[in-house]
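Summary of structural features
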2 protein chains.
Amino acid sequence: MSEKYCIGADVGGTTIKLAVISTEGEIVKKWEIPTDTSERGKHITRDINITIDNTLEELNLHKSSILGIGAGAPGFVDSSTGYINEAINIGWKHFDFGVELKQLTGLNVWVDNDANLAALGENWLGAGRGVKNLIAVTLGTGVGGGIIANGEILNGANGTAGEIGHVTVKTTGGAPCNCGRSGCLETETSATAIVRKAKEAIVKEPHSALSSIKEITAKDVFVTAKQGDIAAQQILSDVTETLGLALANLTVAVNPNKIVLGGGVSQAGDQLLQPLKDAYSKHCLPRAAEACVFELAELGNDAGVIGGASLVKQYSNEQ
Amino acid sequence: MSEKYCIGADVGGTTIKLAVISTEGEIVKKWEIPTDTSERGKHITRDINITIDNTLEELNLHKSSILGIGAGAPGFVDSSTGYINEAINIGWKHFDFGVELKQLTGLNVWVDNDANLAALGENWLGAGRGVKNLIAVTLGTGVGGGIIANGEILNGANGTAGEIGHVTVKTTGGAPCNCGRSGCLETETSATAIVRKAKEAIVKEPHSALSSIKEITAKDVFVTAKQGDIAAQQILSDVTETLGLALANLTVAVNPNKIVLGGGVSQAGDQLLQPLKDAYSKHCLPRAAEACVFELAELGNDAGVIGGASLVKQYSNEQ
């Protein structure tokens, strides 16, 4: 009974996902609770503590068998201290999340941003299993990224390493980004960007099949493109060209063995992957491109909690 | 007398630079020998062995006080094995340099490419001293790069990490690059690129002061720009804009504390740095830009041998 367990906690704007995972990678329990964003998210740490206590009791696990909590939040996180500079969706700003969670639970706590946790999760139990140099890209409402180099997540000088959604891809005429600039990868290749481009296309091409769709989604654009609609095809061609170039340029920096694509947009599968790989190959240093394969993420919404547990597994050894 | 020493050996197309450096960073001796590129560079390993033997004798140092040799070559190097895939200027192709040098000298040998060694050198004793996350850029005939993240040089899947000269900056109409593609950072911002742009400018702007210069150099373009020549200023404005954007985009991947600029072009100092920093700030995620300072390289041509010695210092501990 000397088995040890790690807890992952992925704090999102709507729910907090949690899991208890053995150091061997067995998911013992996975659950979620709503995120209470009232009063600038001040009750979240307490809620996490209560639900962990209840779950450990239910699982008949003593705290001494828990190596710690690996927690993630969307935003700018100082991973060395667990300090959240800002996590807009949660309401946190200048919040000492790591320290507070440690005090409340009595457990060791490591914190990183959600995209880095997703990369760590795929690196442990998903499509990037055991890959030493990995770029993980999440194409959803925004574009998130996590980079693993020499087997370690890159955090950089102040926790912004791997923020590949903010690679500048349009120096003029780009759409405004949440970061305060414009023309970021996120504003050109996220699901939000695809929808915006579809709405713009309808104005220019009223005969496009896109114009008959109410409440258009990124998925609609993929479906419509498959049916032969030129305007929809042009949007996806622009998106894959832009993303392929950005990933090619990240590749000569990091020289990954693998690029893993997750998030809602990646559910398009080969319809996304094939043109993306073509654009990538065209723009990438051949020797670096040869070393890299593309794969779809495997863990879906579980990537974050698995990555959180992976963080615990990795760092609790070093104590 | 238990002091230990590291040997750096930087193999270039014309000379091989060498140094004996103590683990404390004291340069005991620095010298160079010509590179014998005849017969596809097959005599180089022997020449290095002989000159090291002679120098150790002269310094009255026994081989047992030498921790190893850190050697660099320009080209694609597998740093895990010391195997040179190709080093065009030297004549090496598929050459097991690391193994051969180890056999001949009886010393431990670590090998990396010249730009990575320069980064390691600046990281140990130069402008990037002790910086945990560093991008080192060499702006010379070509554009080389080395990236240090979490305190370690990035080599990546097959030794092409940090090859930032091959970031694609022009997707159409770029100049051809040695890598077989076109529009690379190297073809747009190296000394060679500046000269090419000057020659193109003369054709379009025959009244430019550039047209009165024979055998134009990159330095001439800086001098002429300073004197108010619009064509020369436009060239430097294009170069710094392109380089600033590329470095901004690498910054959101790596989140460096510092970017160090070396190579001949960097001798322009503030005339390069100021517009470069302006372009960088404009295109970079503000939080990542805030964490990063620019500095000129300090070690000049010694960066490679110091980096080689640094490689020995770093890895000989791990044996």
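Residues numbered from 1 in each chain as written. Chains lettered and ligands numbered in written order. Predicted model: local features only at pLDDT ≥ 70, side-chain atom pairs only at ≥ 80, totals over all residues. Heavy atoms only, no water.

1. Topic: the relation of the copies chain B and chain A
Between the two copies, chain B and chain A, the superposition gives an RMSD of 0.0 Å; the rotation angle is 180° and the shift along the axis is 0.0 Å. When the rotation and shift are considered jointly, the pair of chain copies conforms to a two-fold rotation axis. Relative to the rotation axis, the C-alpha of Leu-250 of chain B is the closest in chain B, positioned 3.5 Å from it. The residues that chain B uses at the interface reappear at the interface of chain A in 100% of cases, marking a shared surface. (Least-squares fit on C-alpha atoms with pLDDT ≥ 70 in both. Contact = heavy atoms within 4.5 Å.)

2. Section: the interface of chain B and chain A
Facing the 42 residues of chain B at the interface are 42 residues of chain A. Roughly 3300 Å² is buried in total at the junction of chain B and chain A, and carbon and sulfur atoms are behind 56% of that figure. Of all residues in chain B, Val-252, Leu-285 and Arg-287 of chain B give up the largest surface area on contact with chain A, accounting jointly for 20% of the area buried on that side. Where chain B meets chain A, there are 26 residue pairs in polar contact (both at pLDDT 80 or more). Only strand S10 (143-149), strand S11 (152-153), helix H8 (230-254), helix H9 (270-283) and helix H10 (286-290) of chain B provide two or more residues apiece to the side of chain B that touches chain A. (Buried area = accessible area lost by both parts, 1.4 Å probe. Polar contact = N/O pair within 3.5 Å; in protein donor to acceptor, adjacent residues only side chain to side chain. Helix = DSSP H or I, 4+ residues; strand = E, 2+ residues; numbered from the N terminus.)

3. Some thoughts on the pairing of strand S7 (residues 92-95) of chain B
The two faces of a sheet get side chains in turn, since along a regular strand they alternate between them. All names here are of chain B. Where strand S6 (residues 83-87) meets S7, 3 bridges bridge the pair, whose relative direction is antiparallel. By the bridge assignment, Ile-84 is partnered in S7 with Phe-95. Connecting S6 to the next strand, S7, in antiparallel fashion are 4 residues, including Gly-91 with a positive phi near 100°. (Pairing = 2+ DSSP bridges.)

4. Notes on the environment of Pro-256 of chain A
By the secondary structure assignment, Pro-256 of chain A is in the loop between helix H8 (230-254) and strand S12 (258-262). Not counting residues up to four positions away in its chain, the partners in contact with Pro-256 of chain A are Asn-133, Leu-134, Ile-135, Thr-251, Ala-291 and Cys-292 of chain A together with Ala-157 of chain B.

5. Here's the deal with the sheet that holds strand S3 (residues 27-34) of chain A
All names here are of chain A. The strand order S3-S2-S1-S4-S8 describes an open sheet built from 5 strands, whose pairing is mixed. In this open sheet, the two edge strands, each paired with only one partner strand, are S3 and strand S8 (109-113). The average undirected angle you get between the axes of adjacent strands in this sheet is 15°. Bridge count for strand S4 (residues 66-73) against S8 is 5 bridges, and the pairing is parallel. Across the sheet, the residue bridging to Ala-71 is Val-111, located in S8. Running over the sheet, helix H4 (residues 114-125) touches strand S1 (5-11), strand S2 (15-22), S4 and S8 and is turned about 105° from S8. (Axes fitted to C-alpha atoms, helices over the stretch in contact; angles between N-to-C directions.)

6. Some points on the pairing of strand S12 (residues 258-262) of chain B
All names here are of chain B. Judged by how many residues are buried, S12 sits mostly within the fold: 5 of 5 residues are covered. The two faces of S12 match: Lys-258, Val-260 and Gly-262 on one face and Ile-259 and Leu-261 on the other face are all buried. As defined by bridge partners, strand S9 (residues 134-139) adjoins S12 across 5 bridges and the pair is classed as parallel. Counted as the bridge partner of Ile-135 is Ile-259 from S12. Pairing between S12 and strand S13 (residues 293-296): 4 bridges, direction parallel. Paired with Leu-261 across the bridge in S13 is Leu-296. (Buried < 20%, exposed > 50% of the residue type's maximum accessible area, 1.4 Å probe, protein only.)

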